Amino acid sequence: MKIANKISITIGLGSLGILVIAGFQSYSYNRDALEKNITENHLHVAAMYMEKIDQSLAAQYRNLKLTATRIKVRAFLSGQNSEEDRLLLEKGLKDDMAIYTGLNSLDILDKSGRIVASSSGERLGNRVTDKGEAFSGLFEKSLAGESGYSGVVLADNSSDKMEEYFMSPVLSQDGQEIIGVASESIDWNESMKILDGIDESIVRLYNSQGELIGAKNWQNSLAFSPEDKNKPALLEAFKEHPQENVLAGIANNSKALTSIAKENAMEEYLGNGWILITQTPVAVAFAGATKSALFLLLLLLPIIIIINIILIIIINRSVGVPLDFLIRKVKGVREENLTEVIPIISHDEIGELINAFNEMRVRLIESKSHLEEEVSQKTIELKTILDQTNKKNENLENSKKAMLNILEDFEESKKLLEREKTMYAAERDRSEGILRYLHSIGEGVIATDCDGVLTFVNLTAAKMIARAEGSPLIGKEYLNEFVFSSGKGSGKKILDPVAEALKSSAVFPLPPYCYLTTSISNIPISGSFAPIIKNGKPLGVVSVFQDITERYNLEKEKDDFLSITAHQLRTPLTGIRWTLESLLDGDAGKLPKEATELLDQIFKNNQRLVTLVNDLLDVSRINMGKSKEELDTVDVASLIIDGIKTLEGLAKEKKVKVIFEKECKEDPQIMIGPKHFFQAIENLVSNAIKYTPSGGEAHLLVSLKKQKVTIAVSDNGIGIPEKEQANIFRKFFRASNAVLKETEGSGLGLNVVRSFVEEGGGRIWFESKEGKGTTFFLEFPVAQARNVSIA
Amino acid sequence: MENDMPIAAENGKKLVLAVEDDAFLASIHKNKMAKEGFEIFVAGNGREALEFLKTRKPDIILLDLIMPVMDGFETLKEIKANPETKDLKVVVLSNLSQEEDKQRVMDMGALDYVVKANVSFREIVEKVKAYIEIK
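Figured I'd write up the structure that's included with this text. (Residues numbered from 1 in each chain as written. Chains lettered and ligands numbered in written order. Predicted model: local features only at pLDDT ≥ 70, side-chain atom pairs only at ≥ 80, totals over all residues.)

**Section: the overall build of chain A**
Okay, so step 1: Counting its regular elements, chain A contains 21 helices and 24 strands.
Okay, so step 2: Within the span of chain A, comprising 791 residues, buried residues form 28% of the whole.
Okay, so step 3: Restricting to contacts in chain A with at least 6 residues of sequence separation, those with at least 24 account for 61%. (Helix = DSSP H or I, 4+ residues; strand = E, 2+ residues; numbered from the N terminus. Buried ≥ 20, exposed ≤ 12 C-beta atoms within 10 Å, placed from the backbone. Contact = placed C-beta atoms within 7 Å.)

Here it is, written out as structure tokens:
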């Protein structure tokens, strides 16, 4: 047989075998599960039904005992009785029968086993001992004082009616002597109908003696035999498990799954207990398992056959064909065509086989030519020795040449090195020159790397922090050497401008009121920090800063002058104010009405002067840049509420309602000088109050949209004439209608407000209609969490 | 506190010391305060005020800042430096309005800072009453 065929047959048989095993496994797995399931179900059903059976039998038994203890029965059996007494007793028995259901008859027997009274009356005088061994045994037991039951028997005069007899002893009045027996016949066909309710196809009930006493469809089957083949197993089970109700599944025979269950009887009657056998035919029980295994086989068989066919074709192609080819070729090898090389047709084991065969063939040829070769070998060896001698000479010559080459190269690199040295020196000179320039600059110049470590400090910078020349600063953290702070004293904040410049990748100008703290003093400085960028990547930060002490001093002088001027102007104004108030209050006696009016005019004009001085001071300071307040985070809503509070008096006086609303849930924060913001709000709200007729309303509305906080201050006052709207922020400008309504006012307020708002990076604009009202809008960017301070 | 500093009250009146160099304002102080039921003493400069404090302990001091001989800053410093007077209540009344000045005197221990031109005298009286009440 060919190898390819052998392999094919092996695979085919193997896969069929696996298929069969799989089918069998599936069957037995399912079968095990089904068996467990069915057995459990059997036992469950058995327990339930036997309980029912026992309850019904126990009831009959108790009834019989009741009858046996009746005085009438005892009296009847103890003495001579007339026909009348008997009839009376039988009536009593009939009454009992009517109460106890499921009985055929209720009889009283005397000690000889004769029926002396019967519910039916028909069998009077019959002896139970005549009925057979089972009956006489039962009777004897009763006479000995035990209650019991007989096997199942056919009823008298009937071929299909089953009866079961219960007998119980009747005691004398004093309870000392057994004087007879009470017997009842149970309608067994009726009693056993309980079993018909069980689903299993075969159900049999046994008593503790192993006698079959009931079955499903009992009435039809009648096929009971006292010598059942199950009897020995049952008796064994009883003996082994006297206390347990559920015994076990008896191993199934080939035809049915059989389970056996035991129930101990409720009352102490013969043998005490019942056994129920339930069977499910295997064909029914395992139908599911068989079906699924068959299904598996039928489904997989064609697939396996197809796979096998494909495998066989592949094997034949890859093994069979090349092997045939090889065999043909090998058979064709002769002396004359020894040189013919067999082509390799597949790169696998067969390919290797061909290869090996080819090699073998070559060896064959080789060994043939071996002799000739040996001779020529010797000749070649001689020649080689000669060649080697020549070659050694040649090598010596080559080494000499190489040495010369190296010397030449060395000379050349020396020249190159010298040229580079010259270039480097020039470059160094240039760098040193630049460094000298930087050192000589009058401004402080420092540079750091990205970690804030100083890489350059010029002489001016070193001097500023009072460092002796040559004291090493390079390589130190700049934050420890150059302490830049915004403000000084209690409001001082340490800055990290290097981090700021790196963070924004842009020039970071030092804020106003910036100081360089040294061991001696705080030097006011201005300057900036710029990132050093190379190829888009930051290398560090360079900063140039300047000592502006002189400028500060000059500004302070100007400021002091302004301050004193304002002071000097205010002092007489204060005197005038207080005096006028005193006069108007009537301190100098009651004034005529005209005088009061005139004084009031003077008072208002005086107030105007006060306001003018205040505003002038503000404007001058703003112009000098002096008024710039340090920015801080401000909670918009709470500051507005404070501003409104200070104006409560004015609002009351003018009878204008000021209403504050916040449209957003958050409490927006902005960066601004807190006092200036407060002043701006105060100014706008007081304008709104002043220029609104009494009974009017001023509204403040805060809203937050797209990271912008808007504060709208609106009134329903006199408004701004359209022609004059363009001038409203100009210094000293006052709208024509405003001048008419309020004589007070410098025309500087809104100019100051605008400066303050712009200081905080905000903008201000308004909408107004003459006679309708005005709304001023302030818009600020929401404050970002700052981390400038690292103190 | 009252035990430490015997308050020299005349007829049960509260004593106000106004330190004011401007004669016009000083006269208004005198008239108005007396009218309001205070005993009032006006000192023309810091030196006079400190002299007065050696004899009397006022319930409140109203202190101007810009004055000849001894200005309000120095006067306040002296008052706060002397254990006898350091607990006296001082309200600064000045026509300087710079924030720095205000901050300076508040840091030194003044109770309040009032720009005179910006308030009516009535408001000053109310402040004085309120601050005297505060223990």
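Having seen the model, we can carry on.
**A short note on the packing of helix α1 (residues 3–68) of chain A against helix α10 (residues 287–331) of chain A**
Each pair of packed helices can be summarised by the angle the axes make with each other and by the distance between the axes.
All names here are of chain A.
Okay, so step 1: Remark: α1 packs on α10, axes separated minimally by 8 Å, with the N-to-C direction vectors making an angle of 165°. By the angle class used here, α1 and α10 are roughly antiparallel. Seen along the crossing, α1 lies across α10 with a hand that is right-handed.
Okay, so step 2: Looking at side-chain class alone, the contact of α1 with α10 contains 21 nonpolar, 12 polar and one charged residues. (Axes fitted to C-alpha atoms, helices over the stretch in contact; angles between N-to-C directions. Parallel < 35°, antiparallel > 145°, perpendicular 65-115°, else oblique. Left-handed = near helix turned anticlockwise from the far one by under 90°. Nonpolar A, V, L, I, M, F, W, Y, C, P; charged D, E, K, R; others polar.)

**With respect to the sheet that holds strand β3 (residues 148–154) of chain A**
Residues and elements named next belong to chain A.
Okay, so step 1: Pairing in this open sheet of five strands is antiparallel, and the strands run β2-β1-β5-β4-β3 from one edge to the other. Bordering the open sheet on either side are β2 (115–118) and β3, each of which pairs with just one other strand. In this sheet, neighbouring strand axes are inclined to one another by 25° on average, regardless of whether the strands run parallel or antiparallel.
Okay, so step 2: Relative to strand β5 (residues 178–187), strand β4 (residues 162–171) runs antiparallel, the two being bridged by nine bridges. Its bridge partner being in β5, serine 168 is matched across the sheet by alanine 182.
Okay, so step 3: Set on the sheet, helix α4 (residues 133–143) makes contact with β3, β4 and β5; between it and β4 the angle comes to about 25°. (Pairing = 2+ DSSP bridges.)

**Brief notes about the interface of chain B and chain A**
Okay, so step 1: Between chain B and chain A, the residue contacts involve 16 residues of the former and 17 residues of the latter.
Okay, so step 2: For the side of chain B that touches chain A, a count of residues per class yields seven nonpolar, five polar and four charged.

**Here we look at the packing of helix α2 (residues 71–78) of chain A against helix α3 (residues 83–99) of chain A**
All names here are of chain A.
Okay, so step 1: It is at 10 Å that the axes of α2 and α3 come closest, and there the two elements cross at 150°. Between α2 and α3, the angle is such that the two are roughly antiparallel. Relative to α3, the crossing made by α2 is left-handed. In this structure, α2 uses Lys72, Val73 and Phe76 to contact α3, whose residues at the interface are Asp85, Leu89 and Gly92.
Okay, so step 2: Across the contact of α2 with α3, the residue classes tally to three nonpolar, one polar and two charged.

**Focus: the pairing of strand β7 (residues 212–215) of chain A**
All names here are of chain A.
Okay, so step 1: Direction of pairing for strand β6 (residues 202–207) relative to β7: antiparallel, over a ladder of three bridges. The residue of β7 that forms the bridge with leucine 205 is glycine 214.
Okay, so step 2: Connecting β6 to the next strand, β7, in antiparallel fashion are four residues, including glycine 210 with a positive phi near 80°.

**Regarding the environment of Cys450(A)**
All names here are of chain A.
Okay, so step 1: As for its position among the elements, cysteine 450 is in the loop between β10 (444–449) and β11 (454–457).
Okay, so step 2: Between the C-alpha atom of cysteine 450 and that of isoleucine 532, which follows or precedes it by 82 residues, the distance is 9.3 Å.
Okay, so step 3: Not counting residues within four places of it along the chain, the set of residues in contact with cysteine 450 comprises Leu502, Pro538 and Gly540.

**Considering the nonpolar core**
All names here are of chain A.
Okay, so step 1: In this structure, Val73, Ile108, Leu205 and Leu276 are the most contacted members of the largest nonpolar core, which totals 49 residues.
Okay, so step 2: A per-element tally of this core places α1 first, with nine residues.
Okay, so step 3: Look past the residues within four positions of leucine 276 in its chain and what remains in contact with it is Ala46, Tyr49, Met50, Val203, Leu205 and Ala261.
Okay, so step 4: Within the second largest apolar cluster, 37 residues are counted, among which are Leu631, Ala637, Phe677 and Ala735. (Core = buried A, V, L, I, M, F, W, Y, C linked by C-beta atoms within 7 Å.)

**A short note on the sheet that holds strand β21 (residues 697–705) of chain A**
Strand pairs in the sheet, formed through backbone hydrogen bonds, run parallel or antiparallel to each other.
Residue and element names in this part refer to chain A.
Okay, so step 1: The five strands are arranged β19-β21-β22-β24-β23 in an open sheet whose pairing can be described as mixed. For this open sheet the edge positions go to β19 (657–662) and β23 (763–769), each flanked by a neighbour on one side alone. The average undirected angle you get between the axes of adjacent strands in this sheet is 15°.
Okay, so step 2: Its contacts with the sheet place helix α17 (residues 636–646) against β19, β21 and β22 (708–715), and it is angled at close to 175° to β19.

By themselves, these observations are geometric and do not establish any function.
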